[in-house]
Amino acid sequence: MPGAVDPWGAARGRVAQQAYYLRNPLEPAPGICYVCRGPAGPEWTRCYTCDQHLKAAQSSVADAVVPISYAVKGQQHAHALAAYKSTFPSKEVQTNLLNLLLLFLADHHGCVERAALVDTWTHVTVVPSTRGRQGEHPLRALIGSHLRAFPWVQLTANSRVPADLRAFHPDRFTAASPDLVGAHVLLLDDTWTTGARVQAAAYALKQAGASRVAAVVLGRHVNPGYGGWKPILNAIKDQPYRQEICAVHG
Ligand SMILES: [Zn+2]
Ligand SMILES: [Zn+2]
């Protein structure tokens, strides 16, 4: 339509400026985990860590896991995901990440819904901090009044579970909202490293009655020091981020 203004035009421009260091997750395949898009064994479609989570949670994990981009340790996106919540965060970095997340949800919420087998979301939440951070979670603060169409679920970290525990723990979080029976929850986080925290949050939501949970994360952490990542790093090396696709686009 001539003269139609894309309300997301400014956000698209912001994200386009980040394209040279963002990387779309690879499609699931043998050797690429369909959950986290990290390396799996050569014949496997699920990595060992995601497999452990699935078993420990007795399948009460996120129905869809959707990383927006890989975040390679030592590179710019991984840096941004740490810097946005530092003591003196850069406004520039925060604006970049907020635009990346909101534009992704605007463009691909239908893909995420399809992947999680839901018609629409009823609630939204973020994975809580477990490292003794005081006050509002930085991602929740960044989102502010955006996504205000949804009620937010209050998830709290259980202080009896050690914050630095890397494995999945079923009691790591508790969902406080009383009205979660049958809920479809959009669960947001900044970084997926092992996925243990995200899956523990999904587990807590399901224990509280949620029927479907989809996790959208800004960055799938990549550790180039681990040899298993090498084929993935080679495949994404010269592939700047494309806004028009997503990890569950197909
Ligand atoms: Zn995995
Ligand atoms: Zn999509």
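Please refer to the structure higher up on the page.
Fair warning: this is a prediction, and the values are worked out from it, not measured in the lab.

J.: So what's going on with the pattern of salt bridges? Residues and values would help.
T.: In total, this model carries 10 salt bridges according to the counting rule given. Salt-bridge contacts for Asp6 lead to Arg12; the nearest nitrogen and oxygen are separated by 2.7 Å. For Asp6, a relative accessible area of 35% puts it in the partly exposed group. For Asp189, the salt bridge is made with Arg197, and the minimal N-O distance between the two is 3.6 Å. Look at Asp189 and you get buried, because its relative accessible area is 2%. What emerges from the salt-bridge pattern is a single network uniting Asp6, Arg12 and Asp107.

J.: Tell me about the pairing of strand β1 (residues 64-67), and please be specific about residues and values.
T.: Neither face of β1 is exposed, since Ala64 and Val66 on one face and Val65 and Pro67 on the opposite face are all buried. As paired elements, β1 and strand β7 (residues 212-222) share 4 bridges and run parallel to each other. Looking at β7, one finds that Val65 is bridged to Ala215.

J.: Mind laying out empty space enclosed by the protein, listing which residues take part and the relevant values?
T.: It is a probe the size of a water molecule, rolled over the atoms, that shows where empty space is left. Per the stated rule, a full pass over the model turns up 1 cavity of 30 Å³ or more. Within this model, the largest cavity holds a volume of roughly 40 Å³. Lining the largest cavity we find Val15, Leu100, Leu103, Phe104, Asp107, His108, Tyr241 and Gln243. At 5 residues, the largest contribution of residues to the lining of the largest cavity is made by helix α4 (residues 91-116). Split by residue class, the lining of the largest cavity holds 5 nonpolar, 2 polar and 1 charged.

J.: Go over the coordination of the zinc ion (ligand 1), please, and point to the residues and values.
T.: Ligation of the zinc ion (ligand 1) by protein atoms is provided by Cys33 (SG), Cys36 (SG), Cys47 (SG) and Cys50 (SG), these donors lying 2.2 to 2.3 Å from the ion. Because the angles between the 4 donor atoms bound to the zinc ion (ligand 1) fall within 101 to 114°, the donor set is best described as tetrahedral. Sequence positions of the residues that donate to the zinc ion (ligand 1) give the spacing C-x2-C-x10-C-x2-C. Residue Cys36 is located in the loop between α1 (9-18) and α2 (48-56), and its partner Cys50 is located in helix α2; the two are separated by 14 residues in the primary sequence. We note that Cys36, like Cys50, is buried.

J.: Pulling in residues and values, what's your account of the side chain of Gln199?
T.: Tracing the chain through its elements places Gln199 in helix α6 (residues 196-207). The residues touching Gln199, leaving out its near neighbours within four places in the chain, are Val35, His53, Ser60, Val61, Ala62, Val65, Phe168 and Trp192.

J.: Tell me about the layout of surface pockets, and please be specific about residues and values.
T.: Taken as a whole, the largest pocket spans an internal volume of roughly 640 Å³. In this structure, the largest pocket is lined by 26 residues; those nearest its centre are Lys85, Arg131, Thr191, Thr193 and Arg197. For the lining of the largest pocket, the secondary-structure elements that each account for two or more residues are α3 (76-83), β6 (184-192) and α6. Looking at which element gives the most residues to the lining of the largest pocket, the answer is β6, with 4 residues.

Conventions used here
Residues numbered from 1 in each chain as written. Chains lettered and ligands numbered in written order. Predicted model: local features only at pLDDT ≥ 70, side-chain atom pairs only at ≥ 80, totals over all residues. Heavy atoms only, no water. Salt bridge = Lys/Arg side-chain N within 4 Å of Asp/Glu carboxyl O. Buried < 20%, exposed > 50% of the residue type's maximum accessible area, 1.4 Å probe, protein only. Helix = DSSP H or I, 4+ residues; strand = E, 2+ residues; numbered from the N terminus. Pairing = 2+ DSSP bridges. 1 Å grid on protein atoms, 1.4 Å probe; cavity = no way out; pocket = protein on both sides within 12 Å on 5 of 7 lines; lining within 4 Å. Points joined across faces, edges and corners; volume = space filled by probe spheres on them. Nonpolar A, V, L, I, M, F, W, Y, C, P; charged D, E, K, R; others polar. Donors = N, O, S within 2.8 Å, 3.2 Å for Na, K, Ca; no water. Tetrahedral: all angles 85-135°; square planar, octahedral: opposite > 155°, others 65-115°. Contact = heavy atoms within 4.5 Å.

What is shown is where atoms sit, not what they do.
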